[in-house]
Amino acid sequence: MKPGKKGAEMIRARSGWWAAAVLVTVLLLATLMGGGRVGLAVAAADGSAWLWSRSAGEVDRVNPDSGKVDQRRAVTDSRGHRVQVTQNDRFLLIHDLDTGRVSSLDLNGLGFSGRLDIGTRGDPHLAMGSDGAALVERTTGAVRALDPATLRPVGPVLQLPGPLVGGEFDDAGQLWVAAPRQGTVIALKVSPQGPAVVRTSEAAPPDHDLTMTVLDQGALVVDRGGRELVVATSDGTRRVTAPVALTGAMVPERTHGALAAVTVPGAGSVITVGDVRKGGPVRSFPLTDPVQEPAVPFAGKVYLPVRETGQVRVFEPAGRQTGMLSMPAGRGDMELQVREGNLFVNSPGSTDALVVGGDGVARKVGKFPGGPGRGGERPGKPGGGASSPPLIPAPPADPVFPDPFDPIIPPERPETPPSTTPASPPPAGRTEAPRPPATPGSRTPSPRQPSRTPTPAPTTQSPPRTTTPTRTTSPTRTTSPTSRPTTPRPTTPKPTTPRPTTPKPTTPKPTPTKPKPKPTQTRNPYTPAQVCNATAGGNYQVQRSSSFPGGRIYQLYSASTKKNCAVTMKTTDIGKGTNVWVRLQSQKGGKVAADNGTFKYYAGPVFVLAPGDCVRYSGGASGASASAGWGNCG
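Residues numbered from 1 in each chain as written. Predicted model: local features only at pLDDT ≥ 70, side-chain atom pairs only at ≥ 80, totals over all residues. Heavy atoms only, no water.

### Examining the overall build of the protein
- The secondary structure content of the protein amounts to seven helices and 39 strands.
- By residue count, 46% of the 634 residues in the protein fall in the buried class.
- Taking as baseline every contact in the protein between residues at least 6 positions apart, the subset at least 24 positions apart corresponds to 50%.
- Accessible surface for the protein amounts to roughly 29,800 Å². Of this, 55% is attributable to carbon and sulfur atoms. (Helix = DSSP H or I, 4+ residues; strand = E, 2+ residues; numbered from the N terminus. Buried < 20%, exposed > 50% of the residue type's maximum accessible area, 1.4 Å probe, protein only. Contact = heavy atoms within 4.5 Å. Areas by Shrake-Rupley, 256 points an atom, 1.4 Å probe, with all protein chains shown as cover.)

So, in structure tokens, the structure goes:
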């Protein structure tokens with residue numbers, strides 16, 4: 001039976017409406033996927049990740065399906081540097097930890113769209129969610145919103161009680177930090193109007209040592225002063241008691257998935273929390289290797305990097321080892337990150353990387369097919385061109401001590417030949433360190449107090465002035481044969497007769513003409529052993545050192561005192577007061593000793609007693625710095 005005329009018209013109208021709806025949908029999808037935000041999200045949802053290659057000075061995008069690098073982008077003046085990469089589906093933030101410069105890479109055209117200079121002082125941390133970015137100055141507690149494209153600050157600065165720990169976005173777009181001074185965990189909303197506090201919850205007693213990892217929703221706060229784990233969400237907090245003391249505990253900055261892991265080297269164990277938001281089982285298993293990095297949960301397993309062997313052990317939450325990833329070239333230098341459903345194991349200083357899928361199968365990534373350090377057959381530089389966006393300065397933060405492991409030590413600057421100044425006398429007078437060299441009988445101030453620099457010049461120069469210059473004695477001989485019978489009387493008021501001649505001796509007399517500290521401006525008069533021994537005694541011997549532009553950090557050890565000593569020695573601006581700092585930390589005990597201030601010759605010494613433990617050090621001067629990983633164990 002055929003439909004009537006009216007029914008046919010209704011069918012044609014209905015089919016036309018459906019065709020229009022389908023056409024609008026297709027056009028919308030085509031528009032979005034042609035270069036809009038959704039198109040970028042689809043392109044980035046393939047599970048790829050950008051990894052830093054230090055030896056080539058470039059960022060490489062790894063395709064997890066093929067295990068190959070499909071895009072490369074060189075980063076100007078960052079080759080050989082420590083670099084932290086933060087990414088979302090639209091932008092890549094490249095933070096050079098050695099220079100303090102941040103570059104924003106637009107993933108649409110692979111061109112640099114913004115630059116920001118945040119310096120090397122303080123503990124600045126960059127975080128980026130799906131919609132925005134933030135700069136967390138952990139030392140001062142200042143949080144500011146950034147435009148991820150231009151890196152320009154937007155909105156007012158939010159001042160929280162520093163120092164802060166954490167600073168990552170969860171999947172709900174909230175930025176989580178913890179304030180140990182108050183014992184609180186804070187959720188922030190970052191928008192173009194600036195950061196704002198959404199929720200503050202109590203996590204631990206004030207002034208407890210806290211660390212935290214951000215979850216898919218909320219954060220897990222670890223109280224390293226006790227045994228409590230606090231799960232904080234937008235609904236409130238929940239407390240979990242750990243089976244071991246949490247002193248020195250480590251967690252990754254971001255945890256993806258329901259499984260959480262806490263690494264406690266001091267207790268020799270790893271704690272796992274299953275279904276962390278809903279209160280799953282809390283378990284622990286022993287560590288079999290000395291570790292320096294926290295275990296990373298991924299796809300229901302725990303991946304534990306062991307830098308000394310270049311391996312990653314794979315465990316079930318209960319502790320049964322199910323596999324091992326081997327990357328010998330990554331020994332001493334491995335980074336683990338979870339991105340878009342894959343685990344990436346990168347060795348920034350080598351040609352190797354690994355990508356692990358959700359099924360646990362690992363693929364080896366050859367970052368440089370053309371040979372180690374050469375970057376392979378890289379395509380032409382798309383976008384950006386020769387022009388680069390202007391560098392945006394940021395206000396400097398207070399000095400702080402960086403912790404990242406730096407396996408590359410720049411070559412030490414050649415020192416100038418020894419000066420003709422008399423050798424430095426044995427340290428005396430200062431309880432902390434030896435005094436600078438001076439002539440016998442002179443008084444010289446401590447090198448750490450630049451305000452007293454004017455005093456040594458007259459004192460050190462006064463003895464030779466009375467003996468060597470004969471010009472002062474010759475006028476006395478001309479005035480002595482005067483007709484006055486009382487010659488001894490005129491000799492005492494000699495200044496009256498030589499007054500016209502006094503200006504001549506006074507011209508060479510000023511300190512700038514012959515300053516004693518001048519030779520020390522090219523050579524530091526102290527040695528690391530001299531500084532450590534003068535303070536604590538014990539025949540300290542240098543174990544290792546790291547150089548940076550303007551100085552070198554030394555780590556020493558004394559077999560008699562069983563203490564480690566660290567000191568930062570200046571190699572430039574000797575005798576001039578500049579900012580210098582040094583930091584020494586033990587691994588298991590969590591002991592920290594630090595010194596910073598305006599010094600003329602060195603910072604320190606600082607001491608840590610760590611029997612049967614490892615130590616690491618860091619230090620710097622005038623904005624440059626260096627650091628080293630755990631070592632000198634035993």
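### As for the sheet that holds strand 37 (residues 602-609)
- As summarised here, the arrangement of the four strands in space is 32-33-34-37, forming an open sheet in which the pairing is antiparallel. Since the sheet does not close on itself, it has two edges, and those belong to strand 32 (541-548) and strand 37, each with one partner. The average undirected angle you get between the axes of adjacent strands in this sheet is 15°.
- In this structure, strand 32 lies alongside strand 33 (residues 551-557), joined through seven bridges in antiparallel fashion. The residue of strand 33 that forms the bridge with Ser546 is Ile553.
- Across the sheet, helix 7 (residues 528-536) touches strand 32, strand 33, strand 34 (563-570) and strand 37, and the angle it forms with strand 37 is around 60°. (Pairing = 2+ DSSP bridges. Axes fitted to C-alpha atoms, helices over the stretch in contact; angles between N-to-C directions.)

### Here we look at the state of the cysteines
- Considering all chains together, one arrives at two disulfides under this definition.
- Through a disulfide, Cys532 is tied to Cys565; the S-S separation comes to 2.0 Å. Here the S-S torsion is close to -75°, and the disulfide linking Cys532 with Cys565 is therefore left-handed. Here the residue Cys532 occupies a position in helix 7, and Cys565 occupies one in strand 34, the gap between them amounting to 33 residues. (Disulfide = S-S within 2.5 Å.)

### Here's the deal with the pattern of salt bridges
- Within this structure, the stated rule accounts for 15 salt bridges.
- Of the charged contacts in the structure, one is a salt bridge between Glu137 and Arg144, with a shortest N-O distance of 3.6 Å. For the residue pair Glu137 and Arg144, the accessibility class agrees, reading buried in each case.
- In this structure, Arg239 engages Glu228 in a salt bridge whose closest nitrogen and oxygen atoms are separated by 3.0 Å. Of this pair, Arg239 sits in strand 19 (residues 236-241) while Glu228 sits in strand 18 (residues 228-233), and the two are 11 residues apart along the sequence.
- Classification of Arg239 by relative accessible area gives partly exposed; the value is 39%. (Salt bridge = Lys/Arg side-chain N within 4 Å of Asp/Glu carboxyl O.)

### Looking at the nonpolar core
- With 18 residues, the main nonpolar core has Phe548, Ile553, Val582, Leu584 and Val606 as its most contacted residues.
- Every element with two or more residues in this core is listed here: strand 35 (578-586), strand 36 (592-599), strand 37, strand 38 (615-621) and strand 39 (624-631).
- With 17 residues, the next largest nonpolar core counts Leu215, Leu229, Val231 and Val262 among its residues. (Core = buried A, V, L, I, M, F, W, Y, C linked by side-chain atoms within 4.5 Å.)

### Points about the side chain of Ser545
- Within the secondary structure layout, Ser545 lies in strand 32.
- A distance of 2.5 Å separates the side chain of Ser545 from the side chain of Arg552, its partner in a polar contact. (Polar contact = N/O pair within 3.5 Å; in protein donor to acceptor, adjacent residues only side chain to side chain.)

### A look at helix 7
- Listed as buried for helix 7 are Pro528, Gln530, Val531 and Cys532.
- Among the structural elements, strand 32, strand 33, strand 34 and strand 37 are those in contact with the buried residues of helix 7.
- Just past helix 7, the residue Gly537 takes up positive phi, approximately 70°.

### Considerations on the pairing of strand 25 (residues 311-315)
- Most of strand 25 is tucked away: five of the five residues are buried.
- Burial of strand 25 is two-sided: the residues Gln311, Arg313 and Phe315 facing one way and the residues Val312 and Val314 facing the other way are all buried.
- Where strand 24 (residues 301-306) and strand 25 come together, five bridges link them in antiparallel fashion. Following the sheet pairing, Tyr303 is matched in strand 25 by Val314.
- In this antiparallel pair of consecutive strands, strand 24 and strand 25, the connection spans four residues, and Gly310 shows a positive phi of 70°.

### As for the environment of Gly162
- Here Gly162 lies in the loop between strand 11 (153-159) and strand 12 (165-169).
- Spatially, the C-alpha atoms of Gly162 and Thr139 are 5.7 Å apart, while their sequence positions differ by 23 residues.
- Apart from the residues lying within four places of it in its own chain, the contact partners of Gly162 are Arg138, Thr139, Thr140, Gly141 and Arg181.

### Remarks on the confidence of the model for the protein
- Summing up the model confidence of the protein, the mean pLDDT is 75 and the portion of residues at 70 or higher is 68%.
- Here helix 2 (residues 37-44) stands out as the least confident element of the protein, with mean pLDDT 31; strand 23 (residues 296-298) is the most confident, with 97.
- Within the model, the stretch residues 5-45 combines pLDDT values under 50 with 17 contacts to residues more than four positions away or in other chains.
- Confidence drops under pLDDT 50 across residues 370-389; counting only partners more than four residues distant or on other chains, this segment forms 36 contacts. (pLDDT = per-residue confidence, 0-100.)

### As for the sheet that holds strand 1 (residues 49-53)
- Strands sit in the order 1-2-3 across an open sheet of three strands; the sheet is antiparallel. Looking along the sheet, the strands with just one partner apiece sit at the ends: strand 1 and strand 3 (68-74). For this sheet, the mean angle separating the axes of adjacent strands, direction not counted, is 30°.
- As paired elements, strand 1 and strand 2 (residues 58-63) share five bridges and run antiparallel to each other. Of the residues in strand 2, the one forming a bridge with Ala49 is Val62.

### What to know about the environment of Lys364
- With respect to the element layout, Lys364 can be found in strand 30 (residues 362-366).
- A residue is classified by how much of its surface remains accessible, and Lys364, at 61% relative accessible area, is exposed.
- Once you skip the residues sitting within four places of it in the chain, Lys364 turns out to touch Gly67, Asp352, Ala353 and Leu354.

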